[in-house]
Every structure is written in C-alpha cells, then in structure tokens.
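Observations on chain architecture
The primary structure of each chain is shown beneath.
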Amino acid sequence: KEQVAPELPARLEQTIYCELDDRQRRLYNELRDYYRGSLLGAIERAGLGRSKLQILEALLRLRQAACHPGLIEVKRWSDPSAKLELLVPWLMDIIEEGHKALVFSQFTSFLALVRDKLDRQKVRYEYLDGQTTDREGKVERFQNEPACPLFLISLKAGGLGLNLTAADYVFLLDPWWNPAVEAQAIDRSHRIGQTRQVFAYR
C-alpha cells in the first residue's frame, strides 16, 4: 500500500485495555475455572486432538464474557461491560469533535448492545451485518451525510469491499483469530481517498 498509494496519511494503531468490574470479572473467572477443569478432563480422556472443538468453544465463551455478560446469558443484558463503558463516551467525544467512526465486532449480539446504548443517546448510525440487503445505500448515507457519524459493522460482513473513507476512527471491539482480517477492516477507512490520519483502536 505504501508503494501504490504513497499519498495516504499515516494510520495509528493502539490496543486499549479495559479493566473488568467485579461482576464481570467474577463471571469471567467462573467460566475460566469451569472450562479449565472440563478441558483438562476431556484432554486426559480423549487426547488433545479430539478435544479441539471443546477448546475452541471455551475460548469463544471467554471472549464473549470479556465483551459483555449478556453474550453469555440473556438475563445479564443490562449488566455493565468494561468495553461498552469505555467505548460509548469515547464515541460521543469523537462525534462532538466532528469525526466519523467505524465500529467492528464479530458478535452481532454485541453490536446489538452498542445499538441499544446509541439509541438511548439518540445517536444516528448505520448498521451492516450478513443479513443486510441495502449495503450500497448504507455506505452512501454514511459517506455523505454529516448527521450520520457512526457505522456499526459485523467483522465477517464488512471486512472487504467497502469504501468508508468518511471515517477517520476505527474500533475493533474483539480480537479476530486472523490478524489479516482486522487489517482489512481498518483498510475500509485507510484507503485511497482518505485525506486524514486514521486512528484504529483494538
């Protein structure tokens, strides 16, 4: 990209660490301890090779618990989440300063929680996941309407083929197995046509 588009402004990537509150930490620790015990037993009985699915499920559940307790149990939908407590005020500041942002997550249920928070604040946004039909219309509105400062996107649905240079902030709410997928998501904003420095946060 540096050779093909040397005129592109720099992009700054940073990892932000969120401290879980007591309730969220307790749930995370309970899941971790449960899966540690069950996986050790499964590996001892069937071997590591035959326990891969259980290992992947454990990692997925722990990642969900780190995002929001509501991804583990629906009854915890209103529980606090360290990531949301950090993200939403940050988005409000960015909007107030006249910037636009992309918000990616692999979990559409987590994006639903973000949407709920934004709806309560009466913030306009566009949304795209694998079920979205009018992709071009949503991109057009985000790119050209100043009153639409946010685009919430499922990582699987929006990692490729979108030109979203109106955004100069990108948030990746949860890590993906393949770092190249994260890079492609950031590239929705950091591509030819972008005139401002892009700030990407994991």
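Everything here concerns the structure above.
To start, this report covers the structure provided alongside it.

Rules of the game
Residues numbered from 1 in each chain as written. Predicted model: local features only at pLDDT ≥ 70, side-chain atom pairs only at ≥ 80, totals over all residues. Heavy atoms only, no water. Helix = DSSP H or I, 4+ residues; strand = E, 2+ residues; numbered from the N terminus. Contact = heavy atoms within 4.5 Å. Areas by Shrake-Rupley, 256 points an atom, 1.4 Å probe, with all protein chains shown as cover. Lys, Arg positive; Asp, Glu negative; His and termini not counted. Charge placed at Lys NZ, Arg CZ, Asp CG, Glu CD. 1 Å grid on protein atoms, 1.4 Å probe; cavity = no way out; pocket = protein on both sides within 12 Å on 5 of 7 lines; lining within 4 Å. Points joined across faces, edges and corners; volume = space filled by probe spheres on them. Nonpolar A, V, L, I, M, F, W, Y, C, P; charged D, E, K, R; others polar. Pairing = 2+ DSSP bridges. Axes fitted to C-alpha atoms, helices over the stretch in contact; angles between N-to-C directions. Buried < 20%, exposed > 50% of the residue type's maximum accessible area, 1.4 Å probe, protein only. Phe/Tyr/Trp six-rings, centres within 6.5 Å; stacked < 30°, edge-to-face > 60°. Lys NZ or Arg CZ within 6 Å of the ring centre and 35° of its normal.

All right, on to the overall build of the chain then. Secondary structure assignment for the chain yields seven helices and six strands. When the helices and strands of the chain are placed in sequence order, the string is β-α-α-α-β-α-β-α-β-α-β-α-β. Judged by the C-alpha coordinates and their principal axes, the chain covers about 55 × 40 × 30 Å. Sequence-distant contacts, at least 24 apart, represent 73% of the contacts inside the chain between residues at least 6 apart. Here the chain displays about 11,200 Å² of accessible surface, and carbon together with sulfur accounts for 51% of that area. Here the chain contributes 29 positive and 28 negative side-chain charges, whose respective centroids are spaced 5 Å apart.

This brings us to the layout of surface pockets. One number sums up the size of the largest pocket: a volume of about 560 Å³. Those elements giving two or more residues to the lining of the largest pocket turn out to be helix H1 (22–46), helix H2 (52–67), helix H3 (82–96) and strand S5 (169–172). No other element matches H3, which puts four residues into the lining of the largest pocket. Of the residues contributing to the lining of the largest pocket, the split by class is 15 nonpolar, one polar and six charged.

As a further point, take the sheet that holds S5. Here we have six strands laid out as an open sheet, ordered S1-S6-S5-S2-S4-S3, and parallel in their pairing. Each edge of the sheet is formed by a strand with only one pairing partner; in this case those strands are strand S1 (11–14) and strand S3 (125–128). Averaged over all neighbouring strand pairs, the angle between strand axes comes to 15°, with direction disregarded. Together, strand S2 (101–105), strand S4 (150–154), S5 and strand S6 (198–201) form the strand contacts of H3, whose direction differs from that of S5 by roughly 170°. Against the sheet, helix H7 (residues 179–186) contacts S1, S2, S5 and S6, and its axis sits at roughly 150° relative to S5.

This paragraph deals with helix H5 (residues 135–144). Taken together, the buried positions of H5 are occupied by Gly137, Lys138, Val139 and Phe142. For H5, the elements touching its buried residues are S2, S3 and S4.

This part covers the packing of aromatic side chains. Within the structure shown, the criterion is met by seven aromatic pairs. Here the aromatic rings of Tyr169 and Phe199 are separated by 5.2 Å at their centres, their planes lie at 20°, and the arrangement is stacked. With Tyr169 in strand S5 and Phe199 in strand S6, the pair connects residues that are 30 residues apart, well separated along the chain. One aromatic cluster is present, formed by Trp90, Tyr169, Phe171, Phe199 and Tyr201 through successive ring pairs. Of note, Lys100 hangs over the ring of Phe142, and the distance from its end group to the ring centre comes to 4.8 Å. Its guanidinium or amino end placed over the ring of Tyr127, Arg115 lies 4.0 Å from that ring's centre, counting from NZ or CZ.

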